[in-house]
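Summary of the model geometry
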Amino acid sequence: MSGSGFQVWMGSIQERTEKALADLLPDAAIAPAHLHGAMRYAALGGGKRVRALLAHAAGELTGAAADSLDRVACAVELIHAYSLVHDDMPCMDDDVLRRGKPTVHVEYDEATALLTGDALQTLAFQILAERPLGPSAAEQLDMITLLARAAGSRGMAGGQALDLAAVGQQISREELEFMHLHKTGALIRASVLLGARCHAGRDDPMLEPLDRFGKLAGLLFQVVDDVLDAQSDTATLGKTAGKDADHDKPTYVSLLGLAEARALAESLLAEAQAALAPLGPSAGRLAELAAFIVHRKF
Ligand code: GRG
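Ranked by size, the top nonpolar core spans 98 residues in total, and within it Leu120, Phe213 and Leu286 carry the most contacts. For this core, the element with the most residues is helix 10 (residues 207–231), which contributes 12 residues. With sequence-adjacent residues up to four places away left out, Phe213 is seen in contact with Leu54, Val192, Ala272, Ala275, Leu276, Leu286 and Ala290.

Our next topic: the packing of aromatic side chains. For the coordinates displayed, the defined rule picks out 2 aromatic pairs. Over the ring of Tyr41 we find Lys101, and its NZ or CZ is 4.1 Å from the ring centre. The positively charged end of Arg296 is found above the aromatic ring belonging to Phe221, 4.1 Å away from the centroid.

Another aspect to go through is the pattern of salt bridges. Under the definition given, this model contains 19 salt bridges. For the salt bridge of Arg49 with Glu77, the shortest nitrogen-to-oxygen distance reads 3.4 Å. Placement of Arg49 in the loop between helix 2 (33–43) and helix 3 (50–62) and of Glu77 in helix 4 (residues 66–87) is noted, with a sequence separation of 28 residues between them. Each member of the pair, Arg49 as well as Glu77, is classed as buried. With a closest N to O distance of 3.6 Å, Asp225 and Arg296 form a salt bridge. Of this pair, Asp225 sits in helix 10 while Arg296 sits in the segment after helix 15 (284–295), placing them 71 residues apart in sequence. Both residues of the pair, Asp225 and Arg296, belong to the buried class. Taken together, the shared-partner salt bridges in this structure form one network comprising Asp93, Asp163, Lys183 and Lys249.

Attention now goes to the site of the ligand. Taken together, 20 residues surround the ligand, and among them Lys48, Arg51, His80, Asp87 and Arg99 come closest. Between His80 and the ligand, the recorded distance is 2.8 Å, taken from a side-chain N or O atom to an oxygen atom. For the ligand, an oxygen atom lies 2.7 Å from a polar atom in the side chain of Arg99. Isolated, the ligand exposes 690 Å² of accessible area, and the fraction of that covered by the protein chains is 93%. Counting only elements with at least two residues in the shell around the ligand, the list comes to helix 4, helix 8 (156–166), helix 9 (173–197) and helix 10. Residue classes in the shell around the ligand are distributed as 5 nonpolar, 7 polar and 8 charged.

Quick notes on the rules
Residues numbered from 1 in each chain as written. Predicted model: local features only at pLDDT ≥ 70, side-chain atom pairs only at ≥ 80, totals over all residues. Heavy atoms only, no water. Core = buried A, V, L, I, M, F, W, Y, C linked by side-chain atoms within 4.5 Å. Buried < 20%, exposed > 50% of the residue type's maximum accessible area, 1.4 Å probe, protein only. Helix = DSSP H or I, 4+ residues; strand = E, 2+ residues; numbered from the N terminus. Contact = heavy atoms within 4.5 Å. Phe/Tyr/Trp six-rings, centres within 6.5 Å; stacked < 30°, edge-to-face > 60°. Lys NZ or Arg CZ within 6 Å of the ring centre and 35° of its normal. Salt bridge = Lys/Arg side-chain N within 4 Å of Asp/Glu carboxyl O. Near = heavy atom within 4 Å. Polar contact = N/O pair within 3.5 Å; in protein donor to acceptor, adjacent residues only side chain to side chain. Areas by Shrake-Rupley, 256 points an atom, 1.4 Å probe, with all protein chains shown as cover. Nonpolar A, V, L, I, M, F, W, Y, C, P; charged D, E, K, R; others polar.

Geometry only, nothing functional implied.
Dropping the structure here:
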């Protein structure tokens, strides 16, 4: 697919994800209006929708229906939005800017931010559970389990715990990789698999290369995030730049230096794209998405 074809596809998935989220989130006029308003504030009108794009690209590859992919895409984006709301709170990263807007606890208040994250997370599981998705009910239970594992203490929340514990510490490259694979990587990997599993059964041979790709794409995403935090600016990122160094957080940049971290991103990109080889040319969108993750500006 040409670069502009990819851009058009990306724009259309971003747009349909925004619309699907707007439809699935409770209306801000419904009580409790304050909480519903905050949920919509946190989840709508921003973000690259990388996780939704990965779910759609993987699902298109396996032949999944677009409306199932919309639901899966919304579920992963809602988990992601919840993680950002909680991560920005004073008890965690304590940030005031996200997606170019005041963070939820600043715009609303801390208690509302906590509840917003909670409610976004539970809505994600409701969306996965309330309508048929995937080849069978048993496969749908697998999908719900997959997201729960990716978001929980053996996935994103566990990675966040390691991230908080690592502040001011020297950690090894292996420990950093483990942390990143969980904090950011687990949900990205799950996004790929959930999209695929809207049509592919649990024994489908496509799942193995897709899982390998998802794992590499997750790590890749975080390496690039570390680089952007160190080299970009707040206006471009829409969130506070340079926070990792300010907070004395171990990152690929602090461990390897900027040039080597950038080189690592390029080599992970090549590995991720190579993982798609068994899937043939129809995996082109995923390959282009991986390149987008590396070459993005925010
Ligand atoms: C609070 C349980 C809990 C987990 C938080 C992922 C995470 C764990 C915190 C986010 C903090 C952070 C900035 C991590 C770096 C990688 C990351 C997730 C960046 C933001 O994701 P993007 O760039 O954001 O996909 P957009 O706004 O485009 O959706």
